[in-house]
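Listed below are the residues making up each chain.
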Amino acid sequence: MITYFLLWIFLAVAVGVYASNKGLSFGSAFVVSCIFSPLVALIVVALSKPKMEVIEQRSILSGEHKQCPFCAELIKPQARVCRYCRRDIPQAQCTTSLPASSQEEYPSQFMDLIRWFAVTVFAFLVFVMIMGLYMMHDAMVKASAAGQFSQGNAQQPP
Ligand SMILES: [Zn+2]
């Protein structure tokens, strides 16, 4: 039982990471995995279009790439000539000339980590709650069965 749930959570995290790599929300994929099933979430993620702007944004923030100031394509940070438009790249160019809204949406990888952690803790709490309810229900069924048994046998008039 526990092994099954751990596998479920593990698959949910795996689908979440897959979604995150496609530029989609880790949290949504994780929650969908937990509530429906990792398979359902995997299909949903696989059918979703990757969000290129999120992936590009991430590679700029991580310093993997920078944006060409002329054609806005992603190029290597060491590049002196853009490989797309063949123009010289000024070396002191500010690379993160992005709209403020998109920077607010994806502030940093640290915030992402906190969000992932919160979602994981939340999912764990839900899992514990469901397990608790299940056990309580089980105990109540047993108790009521035992109660009926003793009532039927040992009920004495006062
Ligand atoms: Zn260019």
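Each value, and the rule that gives it
- Residues numbered from 1 in each chain as written.
- Predicted model: local features only at pLDDT ≥ 70, side-chain atom pairs only at ≥ 80, totals over all residues.
- Helix = DSSP H or I, 4+ residues; strand = E, 2+ residues; numbered from the N terminus.
- Buried ≥ 20, exposed ≤ 12 C-beta atoms within 10 Å, placed from the backbone.
- Contact = placed C-beta atoms within 7 Å.
- Axes fitted to C-alpha atoms, helices over the stretch in contact; angles between N-to-C directions.
- Parallel < 35°, antiparallel > 145°, perpendicular 65-115°, else oblique.
- Nonpolar A, V, L, I, M, F, W, Y, C, P; charged D, E, K, R; others polar.
- Core = buried A, V, L, I, M, F, W, Y, C linked by C-beta atoms within 7 Å.
- Arc of directions from axis to C-beta.

**Q** Tell me about the overall build of the protein chain, and please be specific about residues and values.
**A** Counting its regular elements, the protein chain contains 6 helices and 2 strands. Across the 158 residues that make up the protein chain, the buried fraction comes to 14%. Within the protein chain, residue pairs in contact and separated by at least 24 positions form 38% of the contacts whose partners lie at least 6 positions apart.

**Q** Go over the packing of helix H1 (residues 2–21) against helix H3 (residues 38–47) with me, naming the residues and quoting the values.
**A** Taken N-terminus to C-terminus, the directions of H1 and H3 make an angle of 10°; their axes are 9 Å apart at the nearest point. Put simply, H1 runs roughly parallel to H3. Two secondary-structure elements touch here, H1 through Trp8, Leu11, Ala12, Val15, Tyr18 and Ala19 and H3 through Pro38, Ala41, Leu42 and Val45. Tallied by class, the residues present in the contact of H1 with H3 amount to 10 nonpolar, no polar and no charged.

**Q** Outline the environment of Glu73, supporting the account with residue identities and numerical values.
**A** Mapping Glu73 onto the fold places it in the loop between strand E1 (66–67) and strand E2 (74–75). Among the residues examined, Glu73 registers 13 C-beta atoms within 10 Å and is labelled partly exposed. Sequence spacing of Glu73 and Tyr84 is 11 residues, and the spatial spacing of their C-alpha atoms is 7.1 Å. Setting aside residues no more than four positions away along its own chain, Glu73 makes contact with Cys68, Cys82 and Tyr84.

**Q** Any details on the nonpolar core? Residues and values, ideally.
**A** If you look at soluble globular proteins, the nonpolar side chains tend to sit buried side by side. Ala12, Val15, Ala19, Ala29, Phe30, Ala41 and Val45 are the most contacted members of the largest nonpolar core, which totals 14 residues. Mapped onto this core, the elements with two or more residues apiece are H1, helix H2 (26–35), H3 and helix H6 (109–154). It is H2 that provides the largest number of residues to this core, a total of 5 residues. Setting aside residues no more than four positions away along its own chain, Val45 makes contact with Val15, Tyr18, Ala19, Lys22, Leu24 and Ala29.

**Q** How would you summarise H3 if you had to cite specific residues and measurements?
**A** All buried positions along H3 are accounted for by Pro38, Ala41 and Val45. Looking straight down H3, one finds that the buried residues subtend no more than 65° of arc, so they occupy a single side. Facing away from the buried side of H3 by more than 90 degrees, the exposed set consists of Leu39, Ala46 and Leu47. Those residues of H3 hidden inside the fold are in contact with H1 and H2.

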